[in-house]
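So the chains spell out like this:
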Amino acid sequence: MSYLLIVLASLLSCGGQLCQKQATWRPGRRHLIFWLAFSVLLLGCAMLLWLLVLQRIPVSVAYPMLSLNFIFITFAARFIWHERVSLRHWLGVVLIIAGISILGGAA
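All values derive from a computational prediction rather than experimental measurement.

Draft legend 1. Spatial organisation of the packing of aromatic side chains. With the rule as written, the count across this model stands at seven aromatic pairs. When the centroid spacing of 6.2 Å and the interplanar angle of 15° are considered together, the rings of phenylalanine 34 and phenylalanine 38 count as stacked. With phenylalanine 34 and phenylalanine 38 both in helix α2 (residues 29–56) and four residues apart, this pair spans about one turn of that helix. For phenylalanine 38, a relative accessible area of 33% translates into the label partly exposed. Through pairs of rings, three or more aromatic residues link up here, namely Phe34, Trp35 and Phe38.

Draft legend 2. Highlighting the UniProt feature "domain: EamA" (unreviewed entry) in the protein chain. Sites flagged by UniProt as "domain: EamA" (unreviewed entry) map to residues 6–103. Between the C-alpha atoms that bound residues 6–103 there is a distance of 13 Å. The span itself is 84% helix and 0% strand.

Draft legend 3. Region of interest: the nonpolar core. With 14 residues, the main nonpolar core has Ile6, Trp50, Val53 and Ile57 as its most contacted residues. Within the residue set of this core, elements represented by two or more residues are α1 (2–23), α2, α3 (59–65), α4 (68–79) and α5 (87–106). With near-sequence residues (within four places) excluded, isoleucine 57 lies in contact with Ser2, Tyr3, Ile6 and Ala62.

Rules and cut-offs
Residues numbered from 1 in each chain as written. Predicted model: local features only at pLDDT ≥ 70, side-chain atom pairs only at ≥ 80, totals over all residues. Heavy atoms only, no water. Phe/Tyr/Trp six-rings, centres within 6.5 Å; stacked < 30°, edge-to-face > 60°. Helix = DSSP H or I, 4+ residues; strand = E, 2+ residues; numbered from the N terminus. Buried < 20%, exposed > 50% of the residue type's maximum accessible area, 1.4 Å probe, protein only. UniProt positions renumbered as here; feature names shortened; annotations may be inferred. Core = buried A, V, L, I, M, F, W, Y, C linked by side-chain atoms within 4.5 Å. Contact = heavy atoms within 4.5 Å.

Rendered as structure tokens:
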């Protein structure tokens, strides 16, 4: 259950960051304010959930799990905004997944 909370906190954090990117996507004050407000909401929820995670999981395990953010952001950049992701970057994502798997199995 605690690891599910880490994933959820990471997804909320990434969602907030993606909203910031979306705020820059189209000009307009209303567009900007909407996406930035949504970003603050998601990042605030992520922070509150993260505090719960830190109560349940040793910090030496929890913080490296935030590397999930790199994975989620890479997939979002590729599939939402159709950004090019190099082979070297994908290799980095694979290594992050391997590291998270090792840490998750050790805890």
